[in-house]
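# A look at the structure
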Amino acid sequence: MAVLAIEIGWDPNLARIGGLLLTWHGLFTAVGILAGVQLSLQLVKITGYDYDDAYELALVGIPSGIIGARLLFVAEAWDYYGANPGEIIRITEGGISIWGAILGGVGGALVWGLWRGYPAARGLDLAAFGIILGQGIGRLGDLVNGEHLAKATDLPWGVIYTHSDSPAFVHSLTVGAHHPATTYEMIGDFVILALLFVVLFRVLWHKPGLTFCFYIVSYAVMRFFVTELRIDSSDTFLFDLKVPQLVALCVVLGALPVIWYFARQPRFEEPPPPLFQRG
């Protein structure tokens, strides 16, 4: 057991209103969605992308992402939810998949945008900023709740959850201090967010779509390695990979032809906004 560790004793539940349980996880998820949408919409204004189109895409992408997040989580834990189908709709009590949220939200908005004839490539670039910001903020809820379980560690920033309602309480009693794996992911999310500003406005501005590809590939690589520290994800039949790792691998492979397609498109000749032009 680690000599030094961070003890987290917060009650993961904020309040119960009737039959609705409000958790820190749900609160930070909501804050992350709102902050992410606002960031992307601010970039829409700066870059000249049609604001009404972007707002419409957000209205489609948010519910698509929530549905995708829950469906993939339920699929991973089907042994439980198959026996307790009434629990499937209790999304406010936790239980979502980040990969489900990304694939569901992006997929829903992309299909809608293509159907409506919106410029999809630049829209994806701008959406990437909001998505990764929302992911990072949402992971704060995981840190407070102890939503995900990770391997034991002797590092001084290992975490121990002491509140009996925390999903990680029994795990903390059993293994002691363990890695704050989702916090590592949160830090990675914010690093990717910072890099996106450089990538879009200084490197790939003239090739719409490639900034989104940078986001999705960099997140997939980071998530692949962070998931190695977690023990709460189901294993797959392929090379002992966990489900999030298999999804990450498929995303990287699937991104390759998309990168090739966007790289071959005509150069976008308009300069970046003055705020981001080189001095």
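Whatever comes next refers back to the structure up there.
Residues numbered from 1 in each chain as written. Predicted model: local features only at pLDDT ≥ 70, side-chain atom pairs only at ≥ 80, totals over all residues. Heavy atoms only, no water.

With that out of the way, let us pick up the side chain of His-179. For His-179, the position within the fold is in the loop between helix H6 (169–175) and helix H7 (181–203). Residue His-179 is classed as buried on the basis of its relative accessible area of 13%. When neighbours within four sequence positions are excluded, His-179 is seen to be in contact with Ala-150, Lys-151, Ala-152, Thr-153, Leu-155, Val-159, Tyr-184 and Leu-229. (Helix = DSSP H or I, 4+ residues; strand = E, 2+ residues; numbered from the N terminus. Buried < 20%, exposed > 50% of the residue type's maximum accessible area, 1.4 Å probe, protein only. Contact = heavy atoms within 4.5 Å.)

Every second residue of strand S3 (residues 20–23) is oriented toward a common face, the buried set being Leu-21 and Thr-23 and the non-buried set Leu-20 and Leu-22. Sheet analysis places strand S2 (residues 13–17) next to S3, joined by four bridges and oriented antiparallel. Residue pairing in the sheet places Arg-16 in a bridge with Leu-21 of S3. In this structure, the hairpin formed by S2 and S3 is closed by a connection of two residues, where Gly-18 is found at a positive phi of approximately 65 degrees. (Pairing = 2+ DSSP bridges.)

What follows covers the packing of aromatic side chains. Per the stated rule, a full pass over the model turns up twelve aromatic pairs. The rings of Phe-129, Phe-197, Phe-201, Trp-205 and Phe-268 are connected pair by pair, giving a single aromatic cluster. Over the ring of Trp-205 we find Arg-122; its NZ or CZ atom is 4.1 Å from the centre of that ring. Between Arg-122 and the ring centre of Phe-268, over which it is positioned, the NZ or CZ distance is 5.0 Å. (Phe/Tyr/Trp six-rings, centres within 6.5 Å; stacked < 30°, edge-to-face > 60°. Lys NZ or Arg CZ within 6 Å of the ring centre and 35° of its normal.)

The next subject is the packing of helix H2 (residues 51–76) against helix H4 (residues 98–116). The interhelical angle for the contact between H2 and H4, taken along N-to-C directions, is 145 degrees, at an axis separation of 6 Å. In terms of crossing hand, the pair formed by H2 and H4 is right-handed. Contact residues: Glu-56, Leu-57, Val-60, Gly-61, Ser-64, Gly-65, Gly-68, Ala-69 and Leu-72 in H2; Trp-99, Gly-100, Ala-101, Gly-104, Gly-105, Gly-108, Ala-109, Trp-112, Gly-113 and Arg-116 in H4. Here the contact of H2 with H4 is composed, by residue class, of eight nonpolar, nine polar and two charged. (Axes fitted to C-alpha atoms, helices over the stretch in contact; angles between N-to-C directions. Left-handed = near helix turned anticlockwise from the far one by under 90°. Nonpolar A, V, L, I, M, F, W, Y, C, P; charged D, E, K, R; others polar.)

This paragraph deals with the nonpolar core. Ranked by internal contacts, the top residues of the largest apolar core, which has 48 residues, are Trp-99, Ile-102, Phe-129, Tyr-215, Ile-216 and Tyr-219. Elements supplying a minimum of two residues to this core: helix H1 (24–47), H2, H4, helix H5 (120–145), H7, helix H8 (210–227) and helix H9 (243–263). (Core = buried A, V, L, I, M, F, W, Y, C linked by side-chain atoms within 4.5 Å.)

Let us look at H2. With 26 residues, H2 ought to run about 38 Å at 1.5 Å a step, and its terminal C-alpha atoms sit 37 Å apart, in line with that. Buried positions along H2 lie against H1, helix H3 (78–83) and H4. (Expected span 1.5 Å × (residues − 1).)

Now for H4. Between its first and last C-alpha, H4 extends 27 Å over 19 residues, near the 27 Å set by a 1.5 Å rise per residue. Among the residues making up H4, those that are buried are Ile-98, Trp-99, Gly-100, Ile-102, Gly-104, Gly-105, Val-106, Ala-109 and Gly-113. As for H4, its buried residues are in contact with H2, H5, H7, H8 and H9. Gly-117, located one to two residues past H4, shows a positive phi value of around 80 degrees.

This brings us to the packing of H1 against H5. Helix packing geometry: the angle between the two helix axes and the distance between the axes. Where H1 contacts H5, the axes come no closer than 7 Å and their chain directions differ by 160 degrees. By the criterion of interaxial angle, the relationship of H1 to H5 is roughly antiparallel. For the crossing formed where H1 meets H5, the hand is right-handed. Looking at side-chain class alone, the contact of H1 with H5 contains 14 nonpolar, eleven polar and one charged residues. (Parallel < 35°, antiparallel > 145°, perpendicular 65-115°, else oblique.)

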